[in-house]
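# Breakdown of the fold
This is what each chain is made of:
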Amino acid sequence: TTNAVQLVDGYSVYDCAIHGDKVTNTQLTCYTPKMPEGVYQIRVYVNGYLIPLYQYYDPKRATFLPMSSQTPSITNIVPLT
């Protein structure tokens, strides 16, 4: 099968790497790349075919909002050597 997830805003398309161990008949899990904060439309492809929004369980929730405040960051390493 060729499943894919893309995150799209008005100007950019980001591919979301599928996590193969977390794919079921009703769920795809993917790792988002680094991307600017904003609102992105989620596009899902199953077997190479784009799934139209009206077929989503809840089309109003088919968005992704990356936020730097939700991104883990390393602030300290101990010991230093």
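The structure reproduced in this document is the subject of the present report. Since the model is a prediction, treat every value here as computed from it, not as a measurement. (Residues numbered from 1 in each chain as written. Predicted model: local features only at pLDDT ≥ 70, side-chain atom pairs only at ≥ 80, totals over all residues. Heavy atoms only, no water.)

## Quick notes on the side chain of Gln-6
- Its place among the elements puts Gln-6 in strand β1 (residues 4-8).
- Side-chain polar atoms of Gln-6 contact the side chain of Tyr-45, separated by 3.4 Å.
- Not counting residues within four places of it along the chain, the set of residues in contact with Gln-6 comprises Val-13, Tyr-14, Asp-15, Gln-41, Ile-42, Arg-43 and Tyr-45. (Helix = DSSP H or I, 4+ residues; strand = E, 2+ residues; numbered from the N terminus. Polar contact = N/O pair within 3.5 Å; in protein donor to acceptor, adjacent residues only side chain to side chain. Contact = heavy atoms within 4.5 Å.)

## A few points about the state of the cysteines
- Overall, the coordinates contain 1 disulfide when judged by the stated rule.
- A sulfur-sulfur separation of 1.9 Å characterises the disulfide bridge that pairs Cys-16 with Cys-30. The sign of the 85 degrees torsion about the S-S bond sets the Cys-16-Cys-30 disulfide as right-handed. Here Cys-16 is found in strand β2 (residues 13-18), whereas its partner Cys-30 is found in strand β3 (residues 30-31), with 14 residues between them in sequence.
- On the basis of relative accessibility, which here comes to 24%, the residue Cys-30 falls in the partly exposed class. (Disulfide = S-S within 2.5 Å. Buried < 20%, exposed > 50% of the residue type's maximum accessible area, 1.4 Å probe, protein only.)

## Observations concerning the environment of Ala-4
- With respect to the element layout, Ala-4 can be found in strand β1.
- Along the chain, Ala-4 and Ile-51 lie 47 residues apart, while their C-alpha atoms are 10 Å from each other.
- Not counting residues within four places of it along the chain, the set of residues in contact with Ala-4 comprises Ile-18, Leu-28, Arg-43, Val-44 and Tyr-45.

## What to know about the packing of aromatic side chains
- Inspection of every chain in the model, using the stated rule, returns 1 aromatic pair.
- Ring centres of Tyr-14 and Tyr-40 lie 5.8 Å apart, and the angle between their planes is 80 degrees; this geometry places the pair in the edge-to-face category. Note that Tyr-14 is positioned in strand β2 and Tyr-40 in strand β4 (residues 40-46), a separation of 26 residues in sequence. This pair shows no difference in class: Tyr-14 is buried, exactly as Tyr-40 is. (Phe/Tyr/Trp six-rings, centres within 6.5 Å; stacked < 30°, edge-to-face > 60°.)

Bear in mind that shape data such as this cannot, by itself, settle questions of function.
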